[in-house]
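Now for the letters of each chain:
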Amino acid sequence: MKLYLGIDGGGTKTEAVLLDAEERELACITGGSTNPHAVGYDTAIAELKAILDRSIAQAQAQSSSAPPRFRIALGMAGVSTDEERSLITETVTAYLSEKRIEGEAFVTNDAEIALTATLGREHGVLAIAGTGSIVFGCTPEGERYRTGGWGHLLGDEGSGYRIGLDTLQAVMRSYDGVYPPTAMTRLITEAHGYHTITELKGYIYQPGIKKQDIAHFARYAIEASASGDEVACQVVERNALELAGHAITLINKHASFHCADVVLSGSIFKHSALFNESFRQQVSAAFPQLRMHDALHTPAYGAALLAARRTP
Ligand SMILES: Nc1ncnc2c1ncn2[C@@H]1O[C@H](COP(=O)(O)OP(=O)(O)OP(=O)(O)O)[C@@H](O)[C@H]1O
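The following paragraphs examine the structure supplied in this document. (Residues numbered from 1 in each chain as written. Predicted model: local features only at pLDDT ≥ 70, side-chain atom pairs only at ≥ 80, totals over all residues. Heavy atoms only, no water.)

1. What to know about the nonpolar core
Here is the rule we go by: Here, nonpolar core means buried Ala, Val, Leu, Ile, Met, Phe, Trp, Tyr and Cys residues that are tied together by side-chain atoms lying within 4.5 Å of each other. We call a residue buried when its accessible area falls under 20% of the maximum for its residue type, exposed when it is over 50%, and partly exposed in between, using a 1.4 Å probe and counting protein chains only. Secondary structure elements follow DSSP: runs of H or I of four or more residues count as helices, runs of E of two or more count as strands, with numbering from the N terminus. In this description, contact between two residues means that some pair of their heavy atoms is separated by no more than 4.5 Å.
Among the nonpolar cores identified, the biggest contains 48 residues, and Leu 200, Phe 275, Phe 279 and Val 283 are the most heavily contacted of them. Broken down by element, this core gets its largest block of residues, 11 residues, from helix α11 (residues 230-251). In this structure Leu 200 touches Leu 168, Val 171, Met 172, Ile 188, Tyr 194 and Phe 217, once residues within four positions along its chain are discounted. Residues Ala 27, Leu 52, Ile 88 and Tyr 95 belong to the second largest nonpolar core, which totals 25 residues.

2. What to know about the environment of Leu 5
Assignment of secondary structure puts Leu 5 in strand β1 (residues 2-9). By relative accessible area, which is 0% here, Leu 5 ends up buried. Sequence spacing of Leu 5 and Ala 304 is 299 residues, and the spatial spacing of their C-alpha atoms is 5.1 Å. Aside from chain neighbours lying at most four places away, what touches Leu 5 is Ala 16, Val 17, Leu 18, Leu 52, Ser 55, Arg 71, Ile 72, Ala 73, Ala 304 and Ala 307.

3. Side note on the pattern of salt bridges
Note the cut-off: By salt bridge we mean one thing: a side-chain nitrogen of Lys or Arg within 4 Å of a carboxyl oxygen of Asp or Glu.
The tally for this structure, following the rule as stated, stands at 18 salt bridges. Note that Arg 24 and Glu 22 form a salt bridge whose closest N and O atoms lie 3.3 Å from each other. Two residues, Arg 69 and Glu 104, come together in a salt bridge whose shortest N-O distance is 3.2 Å. One end of the pair, Arg 69, is in strand β4 (residues 69-76); the other, Glu 104, is in strand β5 (residues 103-108), with 35 residues separating them in the sequence.

Put into structure tokens, the structure is as follows:
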């Protein structure tokens, strides 16, 4: 019996989806971040092995006959160079042999799995706004292009991280009177049990504060902007326009992208109507023939489809 496991390793969480030979979903497992640039290699690999343990235990519990054979596709945020891909492939291959499990693994990227999840194919344009951000394009002939995706220090425009950082800076500017009062201040003080917003300083400058801790604050801009808060709307719209600029640059790189399907993926597109709409308007104004789609299925499901359909 052959089973297909798709893994979407994000900056905040990792999701695994298990499909049977008929591409029916058997299980969905979630765990912590497996992005080595967000949590470090040791933690990322330990988390990946824990997710493999749980996925394989679920698969074995559901297969009554002979032990299943696995094909595993991993779409990992932050794993983009050949060296990084080899390291993850070797780690998973060694894991399978150590556990005496029959199977093979290959690493794709978080863009290809998200495109496959919605379009059922790997060509098209994808904008991801999750903890990080990237715009990715693949032509029908398999040529690949990307804009952004350089991580939180070098890029990540329009990401949860950047919106989170802008949110933190905006509430401090509002406290100083540089910006007008904003509902984000109350949302943060209430959620964190602060008496005053200045307590943020003690939290943010603690050692060990990570990219995803900053990205967490994006939710306050998203919530306040939904009620029309001026400062929050500016934060959200500015980031949507920055990511739209990346998308327009990417689309300009190849004629086939000018009338392509564009998939909008990641929690920021999902949870912020303002972000989603601002992005769509800006990009459609430049390329009116594009077809925009909100992501239909999870990227982990797309990874599992790739595991089923692509030979490593
Ligand atoms: N309910 C919510 N409301 C508003 N924002 C949210 C919500 N849930 C998550 N977010 C935002 O989305 C970010 C995570 O997005 P997502 O789950 O798409 O990323 P990820 O897959 O972990 O990361 P990536 O793919 O970028 O490495 C959080 O950091 C937060 O900023």
